[in-house]
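Fold and contact review
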Amino acid sequence: TIVLNSDIAQQVALGCTMSLLSTIVPIIVFIEAVKRIGATKSSLISISETPASLLLAFVLLGETFTAMQGLGALLVVGSVVIVTAAPLVQAKRT
């Protein structure tokens, strides 16, 4: 029989929990959001993850925040807003 060290078992359990909470649950929540409020609003709301993760890493973990990270976050958020908002603007014009 194989006996697992309690540290290894704990690490495996934490890894499984982390993968469940950081990959599977967000996908399910996003799909449900698309069904309820539509793809455009869902994508605009989900893009808030980039600046939120930067802010939380800075505040909670003491990570350094550089100008390049801020610029990258602005580029990501800006590009998604432009691409997502363009159909909304055209729909209002017609």
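We now turn to the structure provided with this report.

Here we take up the layout of surface pockets. Reported here for the largest pocket is a volume of approximately 280 Å³. Mapped by element, the contributors of at least two residues to the lining of the largest pocket are helix H1 (6-37), helix H2 (39-46) and helix H3 (49-61). Residue contributions to the lining of the largest pocket peak at five residues, all from H1. Class assignment for the residues of the lining of the largest pocket results in seven nonpolar, three polar and one charged.

This next bit is on the environment of Ala33. Assignment of secondary structure puts Ala33 in helix H1. Overall, Ala33 belongs to the partly exposed group, its relative accessible area being 23%. On a C-alpha basis, the gap between Ala33 and Ser43 in space is 9.3 Å, while along the polypeptide they are 10 residues apart. When residues no more than four places from it in sequence are discounted, the contact partners of Ala33 are Gly38 and Ser42.

You can see Ser43 is positioned in helix H2. Ser43 sits in the buried class, given a relative accessible area of 18%. In contact with Ser43, not counting residues within four places along its chain, are Phe30, Val80 and Thr84.

Turning next to helix H4 (residues 67-93). Counted at 1.5 Å a residue, the expected span for H4 with its 27 residues is 39 Å, and the 37 Å between its end C-alpha atoms agrees. The sharpest bend along H4 measures roughly 35° and falls at Ala85, with the proline Pro87 sitting one to four residues further on. Buried within H4 we find Gly70, Ala73 and Thr84. Elements that come into contact with the buried residues of H4 comprise H2 and H3.

What counts, and where the lines are drawn
Residues numbered from 1 in each chain as written. Predicted model: local features only at pLDDT ≥ 70, side-chain atom pairs only at ≥ 80, totals over all residues. Heavy atoms only, no water. 1 Å grid on protein atoms, 1.4 Å probe; cavity = no way out; pocket = protein on both sides within 12 Å on 5 of 7 lines; lining within 4 Å. Points joined across faces, edges and corners; volume = space filled by probe spheres on them. Helix = DSSP H or I, 4+ residues; strand = E, 2+ residues; numbered from the N terminus. Nonpolar A, V, L, I, M, F, W, Y, C, P; charged D, E, K, R; others polar. Buried < 20%, exposed > 50% of the residue type's maximum accessible area, 1.4 Å probe, protein only. Contact = heavy atoms within 4.5 Å. Expected span 1.5 Å × (residues − 1). Bend = angle between axes of the 7 residues up to and from the residue.

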